[in-house]
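Letter by letter, the chains look like this.
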Amino acid sequence: MGFAMMNFPIARDFADFNRQFETLAVSVADNRCHLEILPRDAQAKKLLEAIKIDFETVSGHLLSFELATRDGSSMRSDFTNVRLNPEDRPARVRLRFHRLRDRRWKELGFAGSGSSSRWCCSPARGLSHISFNVDILKLLPTHLPQVKGLSLFLKHFAQPNELIVTIEAATPEAADTAADALSEAFGKRPDLVQRAVARAPWEKRPADLSELLAYLVLNQPPEKIRALVASLSSDQADATLQASVEKLGESISPQEVALLSYDPYNLAGVLNESGFLSGNGQQSEFSSADGTFRIVYVVSPHGFVNYKAAIAWVKQIRQLAHGTVRDPAIHLGFTGEPAFVADISGSMEWDMMSSGFVTLLVIALIFWLCYRRARPLFDLQAMLVLIFTLSLAAAGLFLNQLTVIGVGCAAIMIGLSVDYGYFVYQRSISHHGTVGELQRQCVRNIAWTSGTTAAVFFALNFSSLPGLSQLGNLVGIGVVIGAIVMLTVYARLTMRFHRREEARPPSVVERLFATPGFWQKGAVLATAIVIFLLGALLVKGPPPPDFSARTLRPRNSEAYTALDRIYARLTDDRDMLSLVIAGKDEGEALKRLRTAEASLAAAEAHGDVKSFRTALPLWPVAINQRANLPLLAPLAGEISRLRERAIAGGFKDEAFVLDEAIFRQWAAWATAPTPIWPDNETSRWIFRRVASKADGQFLALGMVTPMPGHEDELTARVQSDGTWLVSWNQLGRELRHVIPREFKHVIMALSGIVIVLLALAFRSLRAVGLFVVTTALVLACLAGAMSLLGMSWNFFNLAALLLLLGTGTDYSILLLLALTRNGGNAPAAQRELGLVICLCACSASSGFGTISWANHVGLASLGQTCALGLIIDALISLFLLPKVWTLIHKRTAG
Amino acid sequence: MRLLLPFLCLLCAVPVFASEPPDLTPVKKWLTKQDDLHTVQADFTQTRALRALRSPIATPGHIWFGGSDTLRWELGEPAKTIVIRKGDTYFLIQPVKKESRTL
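## Points about the overall build of chain A
And step 1. Counting its regular elements, chain A contains 32 helices and 15 strands.
And step 2. Scored against the burial criterion, the 894 residues of chain A give a buried share of 53%.
And step 3. At a minimum sequence separation of 6, the contacts of chain A that also span at least 24 residues come to 78%.

This is how it looks when you write it as structure tokens:
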């Protein structure tokens, strides 16, 4: 033992020695120096009391090397027959390694420290969001295996009430002190914290492990248990104890020595093959290997009613933590479910409020610039607030939660509804009749534009994407309500205003739009822009797709930053796949676990998997438990004999404590119904990220490290009924295949609906054709602009295409209707609607533009794409469409 | 070093005693002498005094240091546990079980 630190020489030089060790004592007597040192490594200091070295002062020969531990144990090597620089270097040192049969070193022990760090840092950690609702999976098609599997994973293993506090300090001592201080401070606030865990529960109460050990042995095949029981019989007990003593003298496995010291009958020996009794050092779910990064798990005493409750709780915990750890050199981070809820919901709330407010402000500015009228402006703003409130109230009848896309709709609804207000106001300026007449004049245009828009958005219900359906319903409702409010209420208010107010001369903007030169120059500019964007599309190609998890997360989130630190300092499992297995009972889940284990073993042999670990060794095996209990339970009656033999075999009385507790546990389970689950605090802590039983469902988890590039094959091989192999990256890959196809179908269906509606409205094939060409040109230019700006397609801005189809098309529809109304007179149509369309485009694009700075990356890209698309649409519809119309009609006339 | 640390994972701690800065001249000399050493061979007797056992366990062994990154460590007579270091990699060989693995 101790070979790992027996470097030769022990240090390169004295400086290196001082860097590594603290010298406790040096004494010289009879040409013999006795040196006592202690490693400076904090983790080593916790366990070691001293390293004692004896050497000859003249020859420098090493005489002895001893590791003295803090529990009073020691391991000493006394050297004899020392030969320095012997000429006969043993050939055996240059061992032929390739002959060795290398077995996979199963990491991590039953004590669960390392394995739980994987469970804990699992991708799982990372991402289940809340009930604003920020759960991105709520936006995605539920029939996708990745979505199903991840949803189950998040539902059962995401620990919604558990906040993870990270501590980063310069030294392990500082991190340790901070973790203990936090744990103590949280412990004093039972109103705020149900439990704060800074160390593995079994460190405080090692005896608690007896339940888990008893359970694991109980799960083993009966033939193993029969052999175990035989090894405890009167005639074999002494040999069993002797074998344990020999093992204690030879083993180099720290876990084995530690466990065997308290398990003289080697009851845990039957678990060896299941890979429980191996370990990976000090790294755990609580601390990095160097001890400078620590984690405290803080559990709320109650569930959170809504996101505001989560925000408030996280804020209180944060304040308490910062009040406790005041050292500026120690950095605290907060992550886990409640932190994600607080971060994302808070930013969603802010995004919705700020984008709505800014949109209203921009609309007010635009209106004022164009018309210079305060009263209609205030009325318009009041109408928008009314529409927004009514829409949300109506949506609330059938929607419990707003998704992240729904949040973006707030600004969109305002941006769209204001269009109808502008139209009504513009028409009211030159209207001298009654309110009813004005309404009749406006209804056709507004009905067609709002009708097509609402139809398009409601048709999103045909999509299998729940997020799009919600967006469609929200905007559809908003548009219908907007049209009704503007026609009924705002028309009345504008007419009342015009009757009271005297006519004013047109504003600068109105005069500008009435100038033919403006339209000429605008057409030239629009043509140049279109040519430029099409050229960019040709040169740079269409924007690339990006369905990675990046677009599904917020831009700035402390919870994500802290999670990234966990990835960096503890375990980065982002490339791992989570094996999620569900069953209606333990038996079904076990069957599926075994199948998955076999598939993974085959995949490992095939080279698709680097390593894997499933919950199989922890899963209850009812049939084994039923067969083993009659064999194991009676052992409690033999405790006295077994204790006596253990003492006679060289063990101290205290060494029998663990085995005794195990015997008693089996006796306690003798009459319990099977399958039996372990239930004490330590067991629950270990099982919480591995197995779950809730809502009549039994779930087991596993972690798989695939060979890079083999993920798809592996997923296809392992995934089956009730078994999923999932990760956020894998979800991205699946979306990359599914979403474009889904959008293609939805866009084609929506285009069909719009064309049919327009055919009814225009009753002209030529007008419909012109509309189709205009829309195609808009989309091509948008793709060019996106390529030029380095943007990519993702799930969110693909939805922007649908929005464009519903909103941007209004401009061409309005203009085509005006052209029809004015007998094909393009300048007249432009004069009539130019300003309105320009106002609409500015308002809607400002509505979308305001969500460009949303914290959510995907939502922001939706806003940018829509704003860009609407501006392009307005340019083409206003300046080029009338020209083309005139050209076509001249040719026809000719 | 780190492989050794979890060894005592169930055990509790007592404070480390402090002392006056000792005279480290013999240590300096010893470390300087080690510069001249390239390989070392030795027999040893390992004595494990474990808290759970009433008496220590003594096991004979043999060790070869073949430079700063080569080690062969055998415990038992005949060897029941062999550890070989090659660079930063440690291999564990258990002849009785006919097994080897990387540590």
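Now that the structure is up, let's keep going.
## Comments concerning the overall build of chain B
And step 1. For chain B, the count of helices and strands is 1 helix and 6 strands.
And step 2. Mapped in sequence order, the helices and strands of chain B form the string α-β-β-β-β-β-β.
And step 3. Looking at the 103 residues of chain B, the share that counts as buried comes to 38%.
And step 4. Long-range pairs, those at least 24 residues apart, make up 11% of the contacts in chain B with a sequence separation of at least 6.

## Quick look at the nonpolar core
And step 1. Residues Val-165, Leu-182, Val-580, Leu-815, Ile-837 and Ala-841 of chain A are the most contacted members of the largest nonpolar core, which totals 248 residues.
And step 2. With near-sequence residues (within four places) excluded, Val-580 of chain A lies in contact with Gly-149, Leu-152, Phe-153, Leu-699, Leu-701, Trp-724 and Val-726 of chain A.
And step 3. One finds Ile-37 and Ile-51 of chain A together with Trp-64 and Phe-65 of chain B within the second-largest nonpolar core, a separate group that totals 32 residues.

## Focus on helix α30 (residues 809-821) of chain A
The α-helix winds at 3.6 residues per turn, so residues separated by three or four positions along the chain end up facing the same way.
All names here are of chain A.
And step 1. In a regular helix each residue adds 1.5 Å, so 13 residues correspond to 18 Å; α30 covers 18 Å between its end C-alpha atoms and thus fits that length.
And step 2. For α30, the tally of buried residues reaches 11 of 13 residues, placing the bulk of the element in the interior.
And step 3. Here α30 has its buried residues at Thr-809, Asp-810, Tyr-811, Ser-812, Ile-813, Leu-814, Leu-815, Leu-816, Leu-817, Ala-818 and Leu-819.
And step 4. Gly-823 sits one or two positions beyond α30 and adopts a positive phi of about 65°.

## Some remarks on the confidence of the model for chain A
Do not read the predicted coordinates in detail wherever pLDDT is low.
Residues and elements named next belong to chain A.
And step 1. Looking at chain A, pLDDT values average 81 and 87% of them are 70 or higher.
And step 2. Across residues 1-5, where pLDDT falls below 50, the model places 16 contacts with residues more than four positions away in sequence or in other chains.
And step 3. Confidence over residues 275-282 falls short of pLDDT 50; this stretch has 41 contacts with residues more than four positions distant or in other chains.

## What to know about the pairing of strand β2 (residues 32-39) of chain A
All names here are of chain A.
And step 1. Sheet topology places strand β1 (residues 21-29) next to β2; 8 bridges connect them, and they run antiparallel. Across the sheet, residue Ser-27 finds its bridge partner in β2, namely His-34.
And step 2. Between β1 and β2, which pair antiparallel and follow one another directly, the connecting turn spans 2 residues, one of which, Asp-30, has a positive phi of 50°.

## Comments concerning the sheet that holds strand β8 (residues 195-197) of chain A
All names here are of chain A.
And step 1. Strand order in the open sheet formed by 4 strands is β8-β9-β7-β10, with antiparallel pairing between adjacent strands. What marks the edges here is a single partner per strand, and that holds for β8 and β10 (331-336). Within this sheet the neighbouring strands show an average axis-to-axis angle of 20°, counted without direction.
And step 2. Pairing of β8 with strand β9 (residues 293-299), which is carried by 3 bridges, proceeds in the antiparallel orientation.

## Some remarks on the packing of helix α27 (residues 728-762) of chain A against helix α28 (residues 765-788) of chain A
All names here are of chain A.
And step 1. For the pair α27 and α28, the least separation of the axes is 9 Å and the interaxial angle reads 140°. With respect to their mutual orientation, α27 and α28 come out oblique. Taken as a pair, α27 and α28 cross one another with a handedness that is right-handed. Here Ile-755, Leu-758, Ala-759 and Phe-762 of α27 come into contact with α28, specifically with Ala-767, Val-768, Phe-771 and Val-772.
And step 2. Within the contact of α27 with α28, the residues separate by chemical class into 8 nonpolar, no polar and no charged.

## Focus on helix α26 (residues 711-718) of chain A
All names here are of chain A.
And step 1. For α26, every residue scored as buried is listed here: Leu-714, Thr-715 and Val-718. Along the long axis of α26, the arc covered by the buried residues comes to 100°, so they all point the same way.
And step 2. Turning to α26, the residues buried within the fold contact α21 (586-606), β12 (609-614), β14 (697-706), β15 (723-726) and α27.

## So, the pairing of strand β7 (residues 162-168) of chain A
Residue and element names in this part refer to chain A.
And step 1. A large share of β7 lies buried, amounting to 5 of its 7 residues.
And step 2. Where β7 meets β9, 7 bridges bridge the pair, whose relative direction is antiparallel. Looking at β9, one finds that Thr-166 is bridged to Ile-295.
And step 3. Pairing of β7 with β10, which is carried by 6 bridges, proceeds in the antiparallel orientation. Across the sheet, Ile-164 pairs through a bridge with Thr-335, a residue of β10.

## Overview of the environment of Ile-623 of chain A
All names here are of chain A.
And step 1. Looking at the element boundaries, Ile-623 is found in helix α22 (residues 622-632).
And step 2. Looking at Ile-623, the number of C-beta atoms within 10 Å reads 13, which means it is partly exposed.
And step 3. For the pair Ile-623 and Thr-674, spaced 51 residues apart in sequence, the C-alpha to C-alpha distance is 8.4 Å.

## Describing the packing of helix α16 (residues 435-458) of chain A against α27 of chain A
Residue and element names in this part refer to chain A.
And step 1. Running from N to C, α16 and α27 point in directions that differ by 160°, and their axes come no closer than 9 Å. The orientation of α16 with respect to α27, classified from their angle, is roughly antiparallel. Considering the relative orientation of α16 and α27, their crossing is right-handed. On α27, the residues touching Trp-448, Gly-451, Thr-452, Ala-455 and Val-456 of α16 are Leu-750, Ile-753, Val-754, Leu-757 and Ala-761.
And step 2. For the contact of α16 with α27, the class distribution of residues is 8 nonpolar, 2 polar and no charged.

## Section: the environment of Ala-783 of chain A
Residues and elements named next belong to chain A.
And step 1. Structurally, the position occupied by Ala-783 is in helix α28.
And step 2. Assessed through the 22 C-beta atoms surrounding it within 10 Å, Ala-783 is described here as buried.
And step 3. Sequence spacing of Ala-783 and Leu-533 is 250 residues, and the spatial spacing of their C-alpha atoms is 8.1 Å.
And step 4. Not counting chain neighbours up to four residues away, the residues in contact with Ala-783 comprise Leu-537, Pro-542 and Pro-543.

## Brief notes about the confidence of the model for chain B
All names here are of chain B.
And step 1. Within chain B, residue pLDDT values average 75, and 79% of them lie at 70 or more.
And step 2. Taken as a whole, residues 1-19 scores under 50 in pLDDT and shows 52 contacts with residues more than four places along the chain or in a different chain.
And step 3. This complex was scored by the predictor with a pTM of 0.68 and an ipTM of 0.79.

## Remarks on the environment of Ile-531 of chain A
Residues and elements named next belong to chain A.
And step 1. Structurally, Ile-531 is set in helix α19 (residues 516-540).
And step 2. Looking at Ile-531, the number of C-beta atoms within 10 Å reads 12, which means it is exposed.
And step 3. With 250 residues separating them along the chain, Ile-531 and Cys-781 place their C-alpha atoms 8.5 Å apart.

## Observations regarding unusual backbone geometry
Keep in mind that most residues, glycine aside, have a negative phi and that most peptide bonds are trans.
And step 1. Omega for the bond connecting Thr-674 of chain A with Pro-675 of chain A falls within 30 degrees of zero, at -5°, which places this linkage in the cis form.
And step 2. Cis geometry marks the peptide bond from Glu-77 of chain B to Pro-78 of chain B; its omega dihedral reads 0°.
And step 3. For Asn-81 of chain A, which is not glycine, the phi torsion reads 55° and is therefore positive.
And step 4. Along the chain, Asn-81 of chain A turns up in strand β5 (residues 74-84).

Criteria and thresholds
- Residues numbered from 1 in each chain as written.
- Chains lettered and ligands numbered in written order.
- Predicted model: local features only at pLDDT ≥ 70, side-chain atom pairs only at ≥ 80, totals over all residues.
- Helix = DSSP H or I, 4+ residues; strand = E, 2+ residues; numbered from the N terminus.
- Buried ≥ 20, exposed ≤ 12 C-beta atoms within 10 Å, placed from the backbone.
- Contact = placed C-beta atoms within 7 Å.
- Core = buried A, V, L, I, M, F, W, Y, C linked by C-beta atoms within 7 Å.
- Expected span 1.5 Å × (residues − 1).
- pLDDT = per-residue confidence, 0-100.
- Pairing = 2+ DSSP bridges.
- Axes fitted to C-alpha atoms, helices over the stretch in contact; angles between N-to-C directions.
- Parallel < 35°, antiparallel > 145°, perpendicular 65-115°, else oblique.
- Left-handed = near helix turned anticlockwise from the far one by under 90°.
- Nonpolar A, V, L, I, M, F, W, Y, C, P; charged D, E, K, R; others polar.
- Arc of directions from axis to C-beta.

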